Amino acid sequence: MDGPGPHLLLLLFFGALSASIITVDAQSDGCEVDIGGFLHSPFNDSSSLTCRPVWNNFILRYSQDPENVLTVVLSTVYTSGWVGMGFSSDGMMVGSSAMVGWINNVGKAHIKQFFLRGQSSSEVVVNEGQLKFAARKPVVALHSASIYLAFQLQFEAPVTQQEIIFAFGTATPRNFHLTKHEDKTSVSFDFSAGVSSASSSYPYQLKRNHGALNIFGWGVLLPIGAIIARYFRQHDPLWFYLHTIIQFAGFIIGLAGVVTGIALYDKLHADVLSHRALGIFVLVLGILQVLAFFLKPDKDSKIRRYWNWYHHWAGRLVLFLAAVNISVGIHVGSAGSVWKVCYGIDLAILLITVILLETMLWLRCSKKTTDAPAFQMHPT
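Residues numbered from 1 in each chain as written. Predicted model: local features only at pLDDT ≥ 70, side-chain atom pairs only at ≥ 80, totals over all residues. Heavy atoms only, no water.

## Quick notes on unusual backbone geometry
The condition that has to hold: Helical segments are the DSSP runs of H or I of at least four residues, strand segments are the runs of E of at least two, and each set is numbered from the N terminus.
Residue Pro42 is bonded to the preceding Ser41 through a cis peptide linkage, with omega at 10 degrees. As for its placement among the helices and strands, Pro42 is situated in the loop between α1 (6–18) and β1 (50–55). Note the cis peptide between Asp236 and Pro237, where omega equals 5 degrees. If you trace the backbone, Pro237 turns up in the loop between α2 (204–231) and α3 (238–268). Its identity as a non-glycine residue notwithstanding, Asn127 has a phi of 60 degrees, on the positive side. Examined against the element boundaries, Asn127 turns out to sit in the loop between β7 (124–126) and β8 (139–143). Of note, the phi angle at Ser144 is positive, near 55 degrees, even though the residue is not glycine. Checked against the element boundaries, Ser144 lands in the loop between β8 and β9 (146–154).

Structural data, given as structure tokens:
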């Protein structure tokens, strides 16, 4: 097959999509680590602290005394940036108070309370919040490859079921200004039993699934299918089968993304009118494209040319509006720089591929025109 084939395109796009998944490839400190060697009292008695893995590499050690003082030691793998643990009434970030610790560029440890007034960095305010400290001063320690945040909080009653937020950022704070988190989660943790719920109060995973399904369906597979239909028609009927299979797969995956979006809206009731309206319009156009496939007239039909015109331009409109809505969704969902960069790579690969294939198509058409024999008049 001449030029970049569909298999190569699939590999390129799978690589771009997989780059959107970031994991911390390191082992956590584990509950077996003796913290007595680098933390002072009352945070250094491992035997009095209950230890539970809570999320990724985050380890939570805690105890609660009869005076309702909650002792917490939070640890995780650390290279740079900040680590935070928030206390929320509803599992949402906004309105919660968080303890955040980090090591600055000169090796000095910091731990501060922050009040999360809103989702933007400017609305995360240092030295404010609803957490009341006990007598012991909070500390931060760096041991081996892990950071340890140790603090005591005074409550009016025993802490049982509590909505907890865990988050981390990779950029070191400057002037006590937190950069946007790289990842976060929310769990409902029972401090009396040491058990965290499997489901998050805030549907972070549902939000990620919504974004990933829509990007892969509407933003990766459907453009690939359209590229095959335009630039690989010389491989008949292979192009038609590939185009049909990929488009149907992209539509089904995109439809699943829409369903997760509906479920996400039912949980959050977020004010994202433009994103929802565009999504509904794109879905309707996609359904019409599927129906048009089953209502396709024969090649000899007089209306086939009009069907072709509709199918081509409606398909292009779907792809364009889907790309716009994916960008809107990444923005209104505060998905972060990783999603922006990876989808930008996806769009760049699509654009470069289309430019190259369009150029090759134009050159082939020009060559055919040049090689065509000139029309000559022959006397009768």
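## Details of the UniProt feature "transmembrane region" (unreviewed entry) in the chain
Threshold: UniProt positions are given in the numbering used here, feature names are shortened, and annotations may be inferred rather than shown by experiment.
Using the residue numbers shown here, the UniProt feature "transmembrane region" (unreviewed entry) corresponds to residues 215–232, 239–265, 277–296, 317–339 and 345–363. Across residues 215–232, helical content stands at 94% and strand content at 0%; the span's end C-alpha atoms are separated by 24 Å. For residues 239–265, the helix share is 100%, the strand share is 0%, and the end-to-end C-alpha distance is 38 Å.

## Details of the nonpolar core
As a reminder of what qualifies: Here the nonpolar core consists of buried residues drawn from Ala, Val, Leu, Ile, Met, Phe, Trp, Tyr and Cys, with membership extended through side-chain atoms lying within 4.5 Å. For each residue, the accessible area found with a 1.4 Å probe, counting protein chains only, is set against the maximum for its type, and the residue is called buried under 20%, exposed over 50%, and partly exposed in between. The contact rule is simple, with two residues in contact once any of their heavy atoms fall within 4.5 Å.
Core analysis: the largest hydrophobic core is formed by 39 residues, its most contacted members being Leu60, Met85, Phe166 and Phe191. Not counting residues up to four positions away in its chain, the partners in contact with Leu60 are Thr50, Cys51, Arg52, Val54, Val72, Val73, Leu74, Met85, Phe189 and Phe191.

## Observations concerning the packing of helix α4 (residues 273–294) against helix α5 (residues 304–332)
A pair of packed helices can be characterised by two numbers: the angle between their axes and the separation between those axes. Rule in force here: Axis lines are fitted through C-alpha atoms, for helices just across the contact stretch, and the angle between N-to-C directions can take any value from 0 to 180 degrees. Relative orientations are named as follows: roughly parallel for angles under 35 degrees, roughly antiparallel for angles over 145 degrees, roughly perpendicular for angles from 65 to 115 degrees, and oblique for any other angle. Handedness of each helix crossing follows the sense of rotation of the near helix against the far helix: counterclockwise by less than a right angle gives left-handed, clockwise gives right-handed. Each residue gets one label: Ala, Val, Leu, Ile, Met, Phe, Trp, Tyr, Cys and Pro are nonpolar, Asp, Glu, Lys and Arg are charged, and the others, such as Gly, are polar.
Closest axis-to-axis distance for the α4/α5 pair is 9 Å, and the angle between their directions is 155 degrees. One finds that α4 runs roughly antiparallel with respect to α5. The hand of the α4/α5 crossing is left-handed. Looking at the contact of α4 with α5 residue by residue, the class counts come to 17 nonpolar, nine polar and no charged.

## A look at a nonpolar patch on the surface
Note the cut-off: A patch consists of residues exposed above 30% relative accessible area that lack any salt bridge, with like charges linked at up to 9 Å and nonpolar side chains (Val, Leu, Ile, Met, Phe, Trp, Tyr) linked at up to 5 Å. Here the Shrake-Rupley method, with its probe set to 1.4 Å, supplies the accessible areas, and only the displayed protein chains count as covering residues. We define a salt bridge as a contact between a side-chain nitrogen of Lys or Arg and a carboxyl oxygen of Asp or Glu at a distance within 4 Å.
Where nonpolar side chains cluster on the molecular surface, the patch consists of Ile280, Val284, Ile287, Leu288, Leu291, Phe294, Leu295, Trp309, Tyr310 and Trp313 and spans about 1,100 Å² of accessible area. A per-element tally of the nonpolar patch places α4 first, with six residues.

## Side note on the sheet that holds β1
Applicable threshold: In this description, strands pair whenever DSSP reports at least two bridges between them.
Read across the sheet, five strands follow the order β1-β2-β3-β9-β8 without closing on themselves; strand pairing throughout is antiparallel. Bordering the open sheet on either side are β1 and β8, each of which pairs with just one other strand. Looking at each pair of strands side by side, their axes are set apart by 20 degrees on average, direction ignored. For β1 and strand β2 (residues 58–64), the ladder comprises five bridges, and the chain directions are antiparallel. Note that in β2 the partner of Arg52 across the bridge is Leu60.

## A closer look at the packing of aromatic side chains
Any aromatic ring pair is given by two values, namely how distant the centres are and how the planes are angled relative to each other. Rule in force here: To pair, rings of Phe, Tyr and Trp, with the six-membered ring standing in for Trp, must have centres within 6.5 Å; the planes then decide the type, stacked if under 30 degrees apart, edge-to-face if over 60, and tilted in the middle. Placement of a positive charge over a ring is assigned whenever Lys NZ or Arg CZ falls within 6 Å of the ring centre and within 35 degrees of the normal to the ring plane.
Counted under the stated rule, the structure contains 17 aromatic pairs. Each ring, one from Phe87 and one from Phe155, has its centre 6.3 Å from the other, and the planes form 50 degrees; the classification is tilted. On the criterion of sequence distance, the pair formed by Phe87 in strand β4 (residues 82–88) and Phe155 in the loop between β9 and β10 (161–169) is long-range, its members being 68 residues apart. Using a relative accessible area of 7% as the deciding quantity, one classes Phe87 as buried. Judged by centre distance (6.3 Å) and plane angle (50 degrees), the rings of Trp102 and Phe114 are tilted. A residue pair is termed long-range when its members are at least 10 positions apart, and Trp102 in strand β5 (residues 97–103) and Phe114 in strand β6 (residues 109–116) qualify at 12 residues. Within the aromatic cluster, the residues linked to one another by ring pairs are Trp239, Phe240, Tyr241, Phe248, Phe293 and Phe294. Above the ring of Tyr265, the side-chain terminus of Arg276 is found at 4.0 Å from the ring centroid. The ring of Trp313 has Arg316 sitting right over it, with the charged end atom 4.6 Å from the ring centre.

## Re the packing of α2 against α5
The N-to-C vectors of α2 and α5 enclose an angle of 155 degrees; their axes lie 10 Å apart at closest approach. Here α5 runs roughly antiparallel to α2, going by the angle between their axes. Viewed along their axes, α2 and α5 form a crossing whose handedness is left-handed. In contact with Asn214, Ile215, Trp218, Gly219, Leu222, Pro223, Ala226 and Arg230 of α2, α5 contributes Arg316, Val318, Leu319, Ala322, Ile326 and Ile330.

## Digging into the pairing of β9
In terms of residue burial, β9 counts as a mostly covered element, since eight of its nine residues are buried. Direction of pairing for strand β3 (residues 69–77) relative to β9: antiparallel, over a ladder of nine bridges. The residue bridging Leu70 from the neighbouring strand is Leu153, located in β9. Where β8 lies against β9, five bridges are found, and the strand directions are antiparallel. Pairing of His143 across the sheet is with Ser146, part of β9. What sits between β8 and β9 in their antiparallel hairpin is a turn of two residues, with Ser144 showing a positive phi close to 55 degrees.

## Observations regarding the pattern of salt bridges
For the structure on display, the rule yields three salt bridges. Measuring nitrogen to oxygen at the nearest pair gives 2.8 Å for the salt bridge that ties Arg117 to Glu128. Residue Arg117 is found in the loop between β6 and β7, and its partner Glu128 is found in the loop between β7 and β8; the two are separated by 11 residues along the sequence. Among the ionic pairs, Arg230 bridges to Glu358, the shortest N-O distance being 2.9 Å. Highlighted residues: Arg230 in helix α2 and Glu358 in helix α6 (residues 337–371), separated in sequence by 128 residues.

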